[in-house]
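For reference, the chains in residue letters:
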Amino acid sequence: MQHCFVPDRIRKSAITNSDREIISLAQKHTKMLPYYWRVEDYVKWKISLLPDDLTGKTVIDIGSNEGVYAFAAERRGAARILCVENEIQWRSCFNKIKHDLGSRCEFRLSSIDDIEEKFDVCIYYDVYYHLDNPMAAFHKIRSITKEYMLFCGHMLDSEDSVARLLDPGELHPLDSTNIWAASLSCIKKMMQMSKFAPISAEVLNKERVAIKWPNRASLINSKLVLDLWGQEQTNR
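Caption draft 1: Representation of the nonpolar core. With 35 residues, the main nonpolar core has Ile47, Ile123, Tyr125 and Leu150 as its most contacted residues. For this core, the elements supplying multiple residues, two or more each, are α1 (17-30), α2 (40-48), α3 (68-75), β3 (80-85), α4 (89-101), β5 (119-125) and β6 (145-156). Examining the composition of this core, we find that 6 residues originate from one element, α3, more than from any other. Setting aside its immediate chain neighbours within four residues, isoleucine 47 contacts Ser13, Ile15, Asp19, Ile23, Val68, Tyr69, Ala72 and Arg76. Core analysis: the second largest hydrophobic core is formed by 31 residues, Ile60, Leu82, Tyr124 and Cys186 among them.

Caption draft 2: Region of the structure containing α3. Of all 8 residues in α3, 7 are buried, a share of seventy percent or more. Those residues of α3 that are buried are in contact with α1, α2, β2 (58-62), β3, α4 and β5. Just beyond α3, the residue with positive phi is glycine 77, at close to 105°.

Caption draft 3: A look at the pattern of salt bridges. Under the defined criterion, the tally for this structure stands at 9 salt bridges. Linking arginine 104 and glutamate 74 is a salt bridge whose minimum nitrogen-to-oxygen distance equals 3.9 Å. Here arginine 104 is found in the loop between α4 and β4 (106-109), whereas its partner glutamate 74 is found in helix α3, with 30 residues between them in sequence. The exposed category is assigned to arginine 104, whose relative accessible area is 51%.

Caption draft 4: Representation of the environment of serine 64. Its place among the elements puts serine 64 in the loop between β2 and α3. The class of serine 64 is buried, set by a relative accessible area of 2%. Discounting residues that sit within four places of it in the chain, serine 64 has contacts with Cys83, Val84, Glu85 and Phe107.

Caption draft 5: Broad picture of the pairing of β5. Of all 7 residues in β5, 7 are buried, a share of seventy percent or more. When β2 meets β5, the two strands line up parallel, connected through 3 bridges. The partner of aspartate 61 across the bridge, within β5, is isoleucine 123.

Cut-off values and rules
Residues numbered from 1 in each chain as written. Predicted model: local features only at pLDDT ≥ 70, side-chain atom pairs only at ≥ 80, totals over all residues. Heavy atoms only, no water. Core = buried A, V, L, I, M, F, W, Y, C linked by side-chain atoms within 4.5 Å. Buried < 20%, exposed > 50% of the residue type's maximum accessible area, 1.4 Å probe, protein only. Helix = DSSP H or I, 4+ residues; strand = E, 2+ residues; numbered from the N terminus. Contact = heavy atoms within 4.5 Å. Salt bridge = Lys/Arg side-chain N within 4 Å of Asp/Glu carboxyl O. Pairing = 2+ DSSP bridges.

Keep in mind these values describe shape, not function.
Quick look at the structure:
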């Protein structure tokens, strides 16, 4: 199943040599982490979802891991980038990449509940299904995001608005922190209940992902761009 709704207002970016440098450094400094199982094409796809111009924007990357997308946002002109991560092992990786790049990105060992500052843009990649209460997280993100959120995550391949608990190891055998899977329709409803207005959705070809994650046969990877001031504002 493929979806693609690309608004004129947010122009996606091409992968640059700078992005390739960031990916190479991330692979170098995270290769010893036992459950680091990303596919490079998937990382590139998520980088390409960033707007090509973030000049002057403040950006928060929630669940940032080593900060690949934050560093890519900085190279696209963001004025300030804060990475929020609650797993301490990623801090060393982040600091090594930051040093190699001469970056100004910040890293905070924290959870989303502790963030009170507001940011123009929120990067929220592959996090919701780890949380006990993803709905509460969407409400929190809405309260700290001024402009829009970039979201992606594993989703159920279903036309219905459904969510279910995952069995241990179902999403990946080495990661026991995966709790949820929801359909695209369900995610959109949660966003709308949090007062986001969806303006773009794109689905990555699931067959590509299934090569590395064969136990994801019922899952797809999807990204939504959600605008705080979309259609909701025009109806006021």
